[in-house]
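As a plain string of letters, each chain reads:
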Amino acid sequence: MKRAVILVIFCAMVCIQISGCASFPKQSDGSVTLEVDYTIGLKKAIEAGKFSYVGPQITDIRFPYQPAGYAGRRMARLKFMRFVGARSLNEITGKIEKIGYRPANIAELLALFAKYPDGQIRQYPIVALGSAWHEFSGEEVVPIVNMKSEEKMMGVLAFSSFNCPRCHVLIADKSCD
């Protein structure tokens, strides 16, 4: 019950619009290029992002920092996409893959906020669909970073409620894999 209340409160905060923004320095194609260090682990990556709140659901068990096939340090080219309306994860992934990208994982999301701690979260929440966790209830949740007032928060968003028109999906260029 307590976990459900935290999730509902966090999801409600996702749809609050905050004005003002320190933007990510983007390349001409709208992408951001950075190094992702898969050796540091989830705890250190969260510390580097300087979050004021991290939900108890963000754990190594639910969201492994080093996904299968990823090791050491790697360059990543990241972009943001918007999806309005609830869709299936497969449908969204298919659209992302058609343009040569894949859903970004939690390590890429955290690396982005380690390099640019103030980023674009004041404009919109950012989710990493490449790190999805299936709860015992069958609900699929994904990591999300959001800002409320001056607090940068990381939590989870239930994918079934992925109907926030302001939410942006972080995607990674497959050619960097």
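Conventions used here
- Residues numbered from 1 in each chain as written.
- Predicted model: local features only at pLDDT ≥ 70, side-chain atom pairs only at ≥ 80, totals over all residues.
- Heavy atoms only, no water.
- Core = buried A, V, L, I, M, F, W, Y, C linked by side-chain atoms within 4.5 Å.
- Buried < 20%, exposed > 50% of the residue type's maximum accessible area, 1.4 Å probe, protein only.
- Helix = DSSP H or I, 4+ residues; strand = E, 2+ residues; numbered from the N terminus.
- Contact = heavy atoms within 4.5 Å.
- Axes fitted to C-alpha atoms, helices over the stretch in contact; angles between N-to-C directions.
- Parallel < 35°, antiparallel > 145°, perpendicular 65-115°, else oblique.
- Left-handed = near helix turned anticlockwise from the far one by under 90°.
- Nonpolar A, V, L, I, M, F, W, Y, C, P; charged D, E, K, R; others polar.
- Salt bridge = Lys/Arg side-chain N within 4 Å of Asp/Glu carboxyl O.

Caption draft 1: Here's a closer look at the nonpolar core. By size, the foremost hydrophobic cluster in this structure holds 34 residues, and its most contacted members are Leu110 and Leu112. Looking at this core, the elements that each hand over two or more residues are strand S1 (32-37), helix H2 (41-48), strand S3 (73-82), helix H4 (106-115), strand S7 (140-148), strand S8 (151-158) and strand S9 (168-173). The dominant element in this core, judged by the number of residues it contributes, is H4, at seven residues. The contact partners of Leu110, leaving out residues within four places of it in the chain, are Leu42, Ala45, Ile46, Phe51, Tyr65 and Met154.

Caption draft 2: Local environment of the packing of H2 against H4. For the pair H2 and H4, the least separation of the axes is 8 Å and the interaxial angle reads 30°. In this view, H2 runs roughly parallel relative to H4, as classed from their interaxial angle. The two elements H2 and H4 cross, and the hand of that crossing is left-handed. On H4, the residues touching Leu42, Ala45, Ile46 and Ala48 of H2 are Ile106, Leu110, Phe113 and Ala114. The residue inventory of the contact of H2 with H4, partitioned by class, reads eight nonpolar, no polar and no charged.

Caption draft 3: How the structure looks around the pattern of salt bridges. For the structure on display, the rule yields five salt bridges. Linking Glu35 and Arg73 is a salt bridge whose minimum nitrogen-to-oxygen distance equals 3.1 Å. With Glu35 in strand S1 and Arg73 in strand S3, the pair connects residues that are 38 residues apart, well separated along the chain. Relative accessible area serves as the criterion here: at 43%, Glu35 is assigned to the partly exposed category. The partner of Glu135 in a salt bridge is Arg62, with the nearest N and O atoms 3.8 Å apart. Here Glu135, found in the loop between strand S6 (133-134) and S7, pairs with Arg62, found in the loop between strand S2 (53-54) and S3; they are 73 residues apart in sequence, far enough to count as distant. Among the residues examined, Glu135 registers a relative accessible area of 9% and is labelled buried. One connected set of salt bridges, linked through shared partners, spans Glu35, Asp37 and Arg73.

Caption draft 4: Geometry of unusual backbone geometry. The phi torsion at Lys50 lies on the positive side, around 55°, for a residue other than glycine. By the secondary structure assignment, Lys50 is in the loop between H2 and S2.

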